[in-house]
Amino acid sequence: MRSFLGFKTQQLLRGVFSSSTAVRWRAAQTRLLCSSSPDEGKRPPSMLRHLTSKLKATGPISVAEFMREVLTNPVTGYYVRNNMLGPDGDFITSPEISQIFGELLGVWILSEWMGAGRPKQLQLVELGPGKGSLASDVLRVFSQLQSVLCEASVSVHLVEVSPALSRLQAQTLTGGSSREADAEDELVYRRGETAAGLPVSWYRRLDDVPTGFSIFIAHEFFDALPIHKFQRTEKGWREVMVDIDPEKSDQLRFVVTPSPTLASSTFVHADERRDHVEVCAEGGVIVQQLARRIVEDGGAALIADYGHEGTKTDTFRGFKGHRLHDVLASPGSADLTADVDFSYLRRTAGGGVACLGPVTQRTFLKNMGIDTRMQKYVSSPDV
């Protein structure tokens, strides 16, 4: 179920939506203590060799550490090396299907900006911007409604860890005229301008984005953040870890820790009734950062993802070639994702911001006028 979660000041916040027709959502089977099954006859990829060496040296690692290594390792990480979006990739997101999705979000952003009193500064900040399609569609709305923006200073700030994707985003937004930073440690590692002259900057971390009134968009971003997995046992809650299969040294398996870990003692609520829980601590930290910035500088945030209200159990899954893929097989060759627990994000946001939702994606888009926009688009696609 795709959902959107929004934060803003107590006076100004929008919400969360979910879709029953998600592109990437599939039913996931419980895989605890299951071994992976890499393709026979193929040499283990470098990520698998890296992980097995690490596990031999340190012992089992958390699922969160496993995801972090597989997805964002600076040398062999899935997001660092691959262009995974589109028909030739591993999954497709809404902005790649239709421009209308991004255009309606552009209208929502302008509505929030106007509701905040039309600040002189408007920063569009997108976390995990994919190919840049969503930002491009939003900026098209800005261009068409330039008379509304008047003298406001508009800028675009993209938080992206993948050099490959940042190049695609630059091509989409700046026509390939962006330039990379001279030093690797610079906070802004790429800069450019849109055809309309709006500055576009790329960052590796949200903390590096300048302060100021901002509208934050996170579309299918939180579902790829590392999660901890916990299993209820006869002895209490235990953390699920990743280890080498003792019978097959080139394969990985899930194991359950024999004693509590710091994570299992910290992240699982005492009144938890489920037998299996997934917690995205990193997602909680990012939401706290968003909330703090909104309280201090003004703005709003909209989180769009597949999620639930603290009801699901094992949602950890992989996607490769638009099909479900064993999360432990050929690590680094497939996308890894887990449904977002929006109840957890709301709790971590704190009381400084207001939070509305979730509402279904259908409801959100209908309220934004998608039916009217679709009719106009069908009659005149260039409008």
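Scroll up for the structure.
On a predicted model such as this, the values are computed, not experimentally measured, just so you know. (Residues numbered from 1 in each chain as written. Predicted model: local features only at pLDDT ≥ 70, side-chain atom pairs only at ≥ 80, totals over all residues. Heavy atoms only, no water.)

**A word on the overall build of the protein chain**
Thought 1: Scanning the protein chain from N- to C-terminus turns up 13 helices and 20 strands.
Thought 2: Evaluated residue by residue, the protein chain yields a buried proportion of 55% over its 383 residues.
Thought 3: In the protein chain, the proportion of contacts linking residues at least 24 apart, taken out of those at least 6 apart, comes to 74%. (Helix = DSSP H or I, 4+ residues; strand = E, 2+ residues; numbered from the N terminus. Buried < 20%, exposed > 50% of the residue type's maximum accessible area, 1.4 Å probe, protein only. Contact = heavy atoms within 4.5 Å.)

**Here's the deal with the pattern of salt bridges**
Thought 1: For the coordinates displayed, the defined rule picks out 14 salt bridges.
Thought 2: In this structure, the salt-bridge partner of E278 is K229, at a minimum N-O distance of 2.7 Å. Highlighted residues: E278 in strand 13 (residues 276–279) and K229 in strand 10 (residues 228–233), separated in sequence by 49 residues.
Thought 3: Assessed through its relative accessible area of 9%, E278 is described here as buried. (Salt bridge = Lys/Arg side-chain N within 4 Å of Asp/Glu carboxyl O.)

**Brief notes about the sheet that holds strand 17 (residues 335–337)**
Thought 1: The 3 strands lie next to each other as 16-15-17, forming an open sheet whose pairing is antiparallel. Both edges of this open sheet fall to strand 16 (323–325) and strand 17, since each of them pairs with a single strand only. The average angle at which neighbouring strand axes cross in this sheet is 40°, direction not considered.
Thought 2: In this sheet, strand 17 lies alongside strand 15 (residues 317–320) in antiparallel orientation, the contact comprising 3 bridges. When the bridges of strand 17 are listed, R317 appears paired with T337. (Pairing = 2+ DSSP bridges. Axes fitted to C-alpha atoms, helices over the stretch in contact; angles between N-to-C directions.)

**Comments concerning the environment of L104**
Thought 1: Looking at the secondary structure, you find L104 in helix 5 (residues 99–115).
Thought 2: For the pair L104 and D137, spaced 33 residues apart in sequence, the C-alpha to C-alpha distance is 8.8 Å.
Thought 3: Sequence-distant contacts of L104, that is, excluding residues within four places in its chain, are made with L365, M368 and I370.

**A word on the packing of aromatic side chains**
Any pair of aromatic rings gets described here by the distance separating the centres and the angle formed by the planes.
Thought 1: Summed over all chains, the structure comprises 2 aromatic pairs.
Thought 2: Centroid distance F221 to F222: 5.4 Å. Interplanar angle 85°. Geometry classified as edge-to-face. (Phe/Tyr/Trp six-rings, centres within 6.5 Å; stacked < 30°, edge-to-face > 60°.)

**A look at a negative patch on the surface**
Thought 1: On the surface, D182, E184, D185 and E186 cluster together to form a negatively charged patch.
Thought 2: On the secondary structure map, E184 appears in the loop between strand 6 (179–180) and strand 7 (188–193).
Thought 3: The exposure class of E184 is exposed, given its relative accessible area of 74%. (Patch = residues over 30% accessible without salt bridge, like charges linked within 9 Å, V, L, I, M, F, W, Y side chains within 5 Å. Areas by Shrake-Rupley, 256 points an atom, 1.4 Å probe, with all protein chains shown as cover. Lys, Arg positive; Asp, Glu negative; His and termini not counted. Charge placed at Lys NZ, Arg CZ, Asp CG, Glu CD.)

**Things to note about the environment of S62**
Thought 1: Among the structural elements, S62 can be located in strand 3 (residues 61–62).
Thought 2: Residues S62 and V240 lie 178 residues apart in sequence; the distance between their C-alpha atoms is 6.7 Å.
Thought 3: Not counting the four nearest positions on each side in its chain, S62 is found in contact with H228, E239, V240 and M241.
Thought 4: At 3.1 Å, the side chain of S62 forms a polar contact with the backbone nitrogen of E65. (Polar contact = N/O pair within 3.5 Å; in protein donor to acceptor, adjacent residues only side chain to side chain.)

**Overview of the packing of helix 5 against helix 6 (residues 133–144)**
Thought 1: Where helix 5 contacts helix 6, the two axes come as close as 7 Å, and the packing angle between them is 55°. In terms of orientation, helix 5 and helix 6 fall into the oblique class. The two elements helix 5 and helix 6 cross, and the hand of that crossing is right-handed. Side by side, helix 5 and helix 6 meet where Q99, F101, G102, E103, L105, G106, V107, I109 and L110 of the first sit next to L134, D137, V138, R140, V141 and F142 of the second.
Thought 2: Class assignment for the residues of the contact of helix 5 with helix 6 results in 9 nonpolar, 3 polar and 3 charged. (Parallel < 35°, antiparallel > 145°, perpendicular 65-115°, else oblique. Left-handed = near helix turned anticlockwise from the far one by under 90°. Nonpolar A, V, L, I, M, F, W, Y, C, P; charged D, E, K, R; others polar.)

**Some remarks on the side chain of S155**
Thought 1: With respect to the secondary-structure elements, S155 resides in strand 5 (residues 153–159).
Thought 2: Residue S155 is classed as buried on the basis of its relative accessible area, which comes to 12%.
Thought 3: With residues near it in sequence (within four places) discarded, S155 still touches L122, Q123, L124 and P199.

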